[in-house]
Amino acid sequence: MRYMLFLCCFIMSLSNYALTLRPDAPTRYVVKQGDTLWDIANRYLAHPWEWKPLWHANPQVKNPNRLYPGAILELRSYKQNPYLRVLSNGTIKLSPYMRPMPLENAIPPIPLSDIKPFLDASLVLDKDSLSNAPYIVAFTTEHLLGGQGDEVYVKNLCPPAPPLGTTISYAIYRPCGQYIDPLTKNFLGYKALMIGYAELVRRGDPATIMLTDIMQGVELLDRVMPNNHPEFDFYFEPKAPAIPVSGLIIDLPGDYSQGAEGLVVVINQGKNAGIQAGDVLGVYSEGSNVRNPKCPDCVRLPPERIGEIMVFRTFSCTSFALVVRSIRAIKILDKVSNP
């Protein structure tokens, strides 16, 4: 009874919100390992960012923004309004010889493999905190780059004496300049590229650290910081932004000249503009000038929608977003706005 009362109130609240259900949407779907929320939303909706109103009529689900392998989704309707009923949101045994999936492993909103380098600790900093940070001054070997397992010397580290039996861990960053808004020329943040992790071997000045997990070769002058950057909540849902958005793609990390589905972009909108993780934005290419065949004048073509991105991490004035759909190459200075 309690569930039906909630469901009726929820559906009534959507009476003026028409979901764009796909004609081939499955009536029943079992969530599999490797699925993402975007994948599932794309199975049901022409506009996957409408996911939240489609399935939030499930008050019995402990974590209403998490789905797990083995969850059974059933498409239903109330007064011609579609919604998803979660019949089961636990684990299922895949075969007599395989262990059940752990309940903690909720499916992610977007593929973790595509954004892993940006989940660890790559940052956009408000302050230039790396300029005066301890830095790598030399290698213990004659190598030009430091690799996993190598020991390196760090100037100005001055670590405190660790408690007995504990290890002091560090993160290694590389300053990569600044982000400047291409239109307003306002400062947006300092780029800090995550290079790897290290552990203290010997105190002193210079101190000695061992490189334990490296994403790319460590160079002289790379900065060494305590590994205490706070984690962020990765459980969010695809949704349209709650506020009007008008921004630009300002970077394609990795020195790409253009991007497509599965690549990460940086936009010039962040927390200060109201952007949140899970926001889906449309990407538009700049309209071009073409010759008018009837006269010598040129005609300006309107911007063309070429894909969507989903924000997964926000900073003060910028955000990281994953290209979740594209029909043409996405480039720096392409516009982003509400989907």
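Since the model is a prediction, treat every value here as computed from it, not as a measurement.

**Considerations on the overall build of the chain**
- From N to C terminus, the chain includes 4 helices and 18 strands.
- For the chain, long-range pairs separated by at least 24 residues make up 66% of all intrachain contacts whose partners lie at least 6 apart in sequence.
- Accessible area for the chain stands at about 18,200 Å²; split by element, carbon and sulfur atoms hold 54% of it.

**Things to note about the pairing of strand 3 (residues 81-88)**
- Of all 8 residues making up strand 3, 6 are buried, and the element is well covered by its neighbours.
- Of the strand pairs in this sheet, strand 2 (residues 72-78) and strand 3 are connected by 7 bridges, and their pairing is antiparallel. Paired with E74 across the strands is R85, a residue of strand 3.
- Counting the residues between successive antiparallel strands, the hairpin from strand 2 to strand 3 contains 2 residues, one of them, K79, with a positive phi of roughly 55 degrees.

**Remarks on the confidence of the model for the chain**
- The predicted model of the chain averages 83 in pLDDT, with 83% of residues at 70 or higher.
- Across residues 1-16 the pLDDT falls below 50, and counting only partners more than four positions away or on other chains, this stretch makes 21 contacts in the model.
- This stretch, residues 92-103, has a pLDDT under 50; its non-local contacts, to residues over four places away or in other chains, come to 16 contacts.

**Section: the sheet that holds strand 2**
- Read from one edge of the open sheet, 3 strands run 1-2-3, paired in antiparallel fashion. Each edge of the sheet is formed by a strand with only one pairing partner; in this case those strands are strand 1 (28-30) and strand 3. This sheet shows a mean twist of 30 degrees between the axes of neighbouring strands, independent of strand direction.
- Relative to strand 2, strand 1 runs antiparallel, the two sharing 3 bridges. The residue bridging V30 from the neighbouring strand is I72, located in strand 2.

**Notes on unusual backbone geometry**
- Looking along the chain, the bond that leaves D205 and enters P206 is cis, with omega of 10 degrees.
- One can find P206 in the loop between strand 8 (187-202) and strand 9 (207-214).
- Phi at L333 is positive, roughly 80 degrees, even though this residue is not glycine.
- Residue placement: L333 occurs in the loop between strand 17 (319-326) and strand 18 (335-337).

**Quick word on the environment of V201**
- Examined against the element boundaries, V201 turns out to sit in strand 8.
- Look at V201 and you get partly exposed, because its relative accessible area is 33%.
- Filtering out sequence-adjacent residues up to four positions away, V201 remains in contact with E151, T208, I209 and M210.

**What about the packing of aromatic side chains?**
- A full pass over the atoms with the stated rule returns 3 aromatic pairs.
- For the ring pair F315 and F320, a centre distance of 5.1 Å and an interplane angle of 80 degrees mean the geometry is edge-to-face.
- Assessed through its relative accessible area of 9%, F315 is described here as buried.
- Taken together, the aromatic side chains of F312, F315 and F320 make up a single cluster linked through ring pairs.

**Observations regarding the environment of C176**
- Structurally, C176 can be placed in strand 7 (residues 169-180).
- Discounting chain neighbours no more than four positions away, the residues touching C176 are K191 and L193.

**A few points about the nonpolar core**
- One finds I110, F312 and F320 to be the most contacted residues of the largest nonpolar core, which totals 29 residues.
- Contributing elements (two or more residues each) for this core: helix 4 (112-120), strand 4 (123-125), strand 7, strand 8, strand 11 (246-251), strand 12 (264-267), strand 16 (304-314) and strand 17.
- With 4 residues, the top contributor of residues to this core is strand 8.
- Listed in part, the 19 residues of the second largest apolar core include L19, A25, A41 and V86.

**A few points about the side chain of D334**
- Along the polypeptide, D334 turns up in the loop between strand 17 and strand 18.
- Within the local environment of D334, its side chain forms a polar contact with the backbone nitrogen of K331, the two atoms lying 2.8 Å apart.
- Beyond its immediate chain neighbours, meaning those up to four positions away, D334 contacts G247, L248, I249, V283, Y284, S285, E286, I306 and A329.

**Section: the sheet that holds strand 12**
- The antiparallel closed barrel is built from 6 strands, whose spatial order is 11-12-17-16-13-18. This sheet shows a mean twist of 45 degrees between the axes of neighbouring strands, independent of strand direction.
- Bridge count between strand 13 (residues 280-285) and strand 18: 3 bridges; the pairing is antiparallel. Looking across to strand 18, one finds that G282 is bridged to S337.

So, how was this worked out
- Residues numbered from 1 in each chain as written.
- Predicted model: local features only at pLDDT ≥ 70, side-chain atom pairs only at ≥ 80, totals over all residues.
- Heavy atoms only, no water.
- Helix = DSSP H or I, 4+ residues; strand = E, 2+ residues; numbered from the N terminus.
- Contact = heavy atoms within 4.5 Å.
- Areas by Shrake-Rupley, 256 points an atom, 1.4 Å probe, with all protein chains shown as cover.
- Buried < 20%, exposed > 50% of the residue type's maximum accessible area, 1.4 Å probe, protein only.
- Pairing = 2+ DSSP bridges.
- pLDDT = per-residue confidence, 0-100.
- Axes fitted to C-alpha atoms, helices over the stretch in contact; angles between N-to-C directions.
- Phe/Tyr/Trp six-rings, centres within 6.5 Å; stacked < 30°, edge-to-face > 60°.
- Core = buried A, V, L, I, M, F, W, Y, C linked by side-chain atoms within 4.5 Å.
- Polar contact = N/O pair within 3.5 Å; in protein donor to acceptor, adjacent residues only side chain to side chain.

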